[in-house]
Amino acid sequence: QVQLVESGGGLVQPGGSLRLSCAASGSISSINAMRWYRQAPGKERELVAAITIGGSTNYADSVKGRFTISRDNAKNTGYLQMNSLKPEDTAVYYCNALILLMTYQLRAYWGQGTQVTVSS
């Protein structure tokens with residue numbers, strides 16, 4: 001079965017950096033679009049970054065200039081590079097990918113989430 005496995009979260013000091021990974025496995029042909037979301041306690045889930053099949057990117061205003069979304073198609077893996085982290089970036093981060101299956105079906109999948117905590 002297809003799954004997305006996230007990694008790279010952890011505890012970091014303000015101003016530090018982390019790189020989150022979202023690796024797809026299973027009987028897939030390719031990753032098309034990918035999005036990263038985050039959800040802090042007591043807050044709604046928000047979209048922080050997105051990348052299209054053609055490589056165009058979009059970012060929430062709160063992270064623009066600090067976060068970078070990318071993909072490595074050969075590895076079927078997406079990334080979220082997070083620099084200059086702030087305490088308000090603390091949240092559980094989730095990847096969501098639009099996957100082209102070997103059957104030529106297009107389907108969305110979610111990662112399990114990874115905790116990012118920014119604190120001194």
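All of these numbers come straight from a predicted model, not from anything done at the bench. (Residues numbered from 1 in each chain as written. Predicted model: local features only at pLDDT ≥ 70, side-chain atom pairs only at ≥ 80, totals over all residues. Heavy atoms only, no water.)

Some details on the environment of Ser 29
1) Next: By the element assignment, Ser 29 lies in strand E4 (residues 28-39).
2) Next: Looking at Ser 29, the relative accessible area reads 39%, which means it is partly exposed.
3) Next: In this structure the C-alpha to C-alpha distance between Ser 29 and Ile 99, which are 70 residues apart in sequence, comes to 7.6 Å.
4) Next: Apart from the residues lying within four places of it in its own chain, the contact partners of Ser 29 are Leu 100, Leu 101 and Met 102. (Helix = DSSP H or I, 4+ residues; strand = E, 2+ residues; numbered from the N terminus. Buried < 20%, exposed > 50% of the residue type's maximum accessible area, 1.4 Å probe, protein only. Contact = heavy atoms within 4.5 Å.)

Looking at the packing of aromatic side chains
Remark: the centre distance and the inter-plane angle together describe each pair of aromatic rings, the angle taken between the planes.
1) Next: Scanning all chains against the criterion turns up 1 aromatic pair.
2) Next: Centre to centre, the rings of Tyr 37 and Trp 110 are 5.1 Å apart; their planes meet at 45 degrees, and the pair counts as tilted. Within this pair, whereas Tyr 37 is found in strand E4, its partner Trp 110 is found in strand E10 (residues 106-110), the two being separated by 73 residues in sequence.
3) Next: In this structure Tyr 37 comes out as buried when scored by relative accessible area, which is 11%.
4) Next: The side chain of Arg 45 reaches across the aromatic face of Tyr 37, ending 4.6 Å from its centre. (Phe/Tyr/Trp six-rings, centres within 6.5 Å; stacked < 30°, edge-to-face > 60°. Lys NZ or Arg CZ within 6 Å of the ring centre and 35° of its normal.)

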